[in-house]
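# Structural overview for review
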Amino acid sequence: MAEYKPITETNNFIVLDKYNKIAQQGVSYQTEAQLEEELIKDLQNQGYEYLPKLINTKEMLKNIRIQLETLNEIKFLDSEWKRFCEEYLDKPSDNYIDKTRKIHDDHIYDFTFDDGHLKNIYLVDKKNMSRNKLQVISQFEQKGTQSNRYDVTILVNGLPLIQIELKKRGIAIREAFNQVNRYTKESFNADNSLFKYLQICVISNGTDTRYFANTTKRDKNSFDFTMNWAKSDNTLIRDLKDFTATFFQKNTLLDILLHYSVFDSNNILLIMRPYQIAATERILWKIKSSYLAKKWKTLESGGYIWHTTGERVIIVMGAVNVMKPRVSGTLNKYILCIA
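Residues numbered from 1 in each chain as written. Predicted model: local features only at pLDDT ≥ 70, side-chain atom pairs only at ≥ 80, totals over all residues. Heavy atoms only, no water.

## Remarks on the overall build of the chain
In terms of regular secondary structure, the chain is built from eight helices and 14 strands. The buried share among the 339 residues of the chain stands at 48%. When contacts within the chain are restricted to residue pairs at least 6 apart in sequence, long-range pairs at least 24 apart make up 64% of them. Of the accessible surface of the chain, which amounts to about 18,100 Å², a share of 50% is contributed by carbon and sulfur atoms. (Helix = DSSP H or I, 4+ residues; strand = E, 2+ residues; numbered from the N terminus. Buried < 20%, exposed > 50% of the residue type's maximum accessible area, 1.4 Å probe, protein only. Contact = heavy atoms within 4.5 Å. Areas by Shrake-Rupley, 256 points an atom, 1.4 Å probe, with all protein chains shown as cover.)

The following block contains the structure:
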């Protein structure tokens, strides 16, 4: 039998091989408020900044300005900031599809400052992920056709990209899903709503936690497309405490948001399931390790992609060979989309 000696090994896959469930006491009953308080505390312990006073659009825009100035190492004049919002960030004619495109395809904007100089303004940094600032807010108030107050929102560089809706333990998780649906109709997409930037929704009743993409394809049957997080062996991670420790780990969340979400040609946002992410991570690791070992075009550098009925894999099926890049010192990028 042939022996295989890996060139490099890493434990940095976001879908974990091993995870020890957090021991909890006295969690047979928790109110929604207690669940929210514990979640925010756990996120703070993981490095999120909590902004308890950010509860309206005016305060959100102030914070976005600070975060984008920090990310881009610039300072906006008041007149420049107003123009940047009107032209790009909060363009009045934008709908949620336009906002989603700005996260996935058009996250860099060529902005001309008042003195005439031109600079690229980034909404997110997809190359240096650690430069993106993660913050958490709660009980944000917004009015559309109805006034709503949202449970917990995660901000990325000030933008509300992840919404978490909670129900107390014992209440069916579908109730949280229905609440997200109601907010979508009543206030998320109101005029000048920054919540049009929402990408991922998370729902939980403490004992069951699921995530799904914010998309127009959400009808009475779309609850079936909500997903539990899981380990690489597909063992589900359902409790909110464990979900927070894994899915909401900062690098993991940013990877899912910016690398494992696909905004397709039909303007539908798709997010990979855990086993799809796990497969993709290992394919990319194989390509990189084979490249570093200089084993281009050899059997040892290749592999097979296998999939079952119901999966769509956009890649050449069968043996995958790692080819030597044409440009010295660079690694070819292989694009894999499993939906």
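## So, the pairing of strand 8 (residues 209-213)
A regular strand places its side chains so that they alternate between the two faces of the sheet. Burial analysis of strand 8 places five of its five residues in the buried class, which makes it a mostly covered element. Residue alternation in strand 8 divides its side chains into two sets, T209, Y211 and A213 and R210 and F212, and both sets are buried. Bridging between strand 7 (residues 200-204) and strand 8 involves five bridges; their strand directions are antiparallel. Bridge pairing in strand 8 places I200 opposite A213. In textbook terms, the turn of a hairpin is the stretch between consecutive antiparallel strands, and for strand 7 and strand 8 this stretch comprises four residues, one of which, G206, has a positive phi near 90 degrees. (Pairing = 2+ DSSP bridges.)

## Some thoughts on the side chain of H104
By the secondary structure assignment, H104 is in helix 4 (residues 96-104). Ignoring any residue separated from it by four or fewer positions in sequence, one finds H104 in contact with K126, Q199, L257, S261, F263 and L269.

## Remarks on helix 7 (residues 250-258)
Judged by how many residues are buried, helix 7 sits mostly within the fold: seven of nine residues are covered. Burial in helix 7 covers these residues: T252, L253, L254, D255, I256, L257 and L258. One side-chain oxygen at the N-terminal end of helix 7 lies 3.2 Å from the backbone nitrogen of N251; it belongs to Q249. (Polar contact = N/O pair within 3.5 Å; in protein donor to acceptor, adjacent residues only side chain to side chain.)

## A short note on the nonpolar core
Considering soluble globular proteins, one finds that nonpolar side chains tend to be buried as a cluster. Grouped together as the largest cluster of nonpolar side chains are 78 residues, with contacts concentrated most on L89, I162 and F248. With residues near it in sequence (within four places) discarded, I162 still touches V152, T153, I154, V156, L198, I200, V202, F248, L253 and L257. (Core = buried A, V, L, I, M, F, W, Y, C linked by side-chain atoms within 4.5 Å.)

## A word on the pattern of salt bridges
Following the criterion strictly, the structure yields 19 salt bridges and no others. The salt bridge partner of K99 is D94, with a shortest N-O separation of 3.0 Å. Relative accessible area serves as the criterion here: at 7%, D94 is assigned to the buried category. A salt bridge links R131 to D125, with the nearest nitrogen and oxygen atoms 2.9 Å apart. You can call D125 buried: its relative accessible area is 9%. Among the charged side chains, a network of salt bridges with common partners joins R65, E69, K75 and D78. (Salt bridge = Lys/Arg side-chain N within 4 Å of Asp/Glu carboxyl O.)

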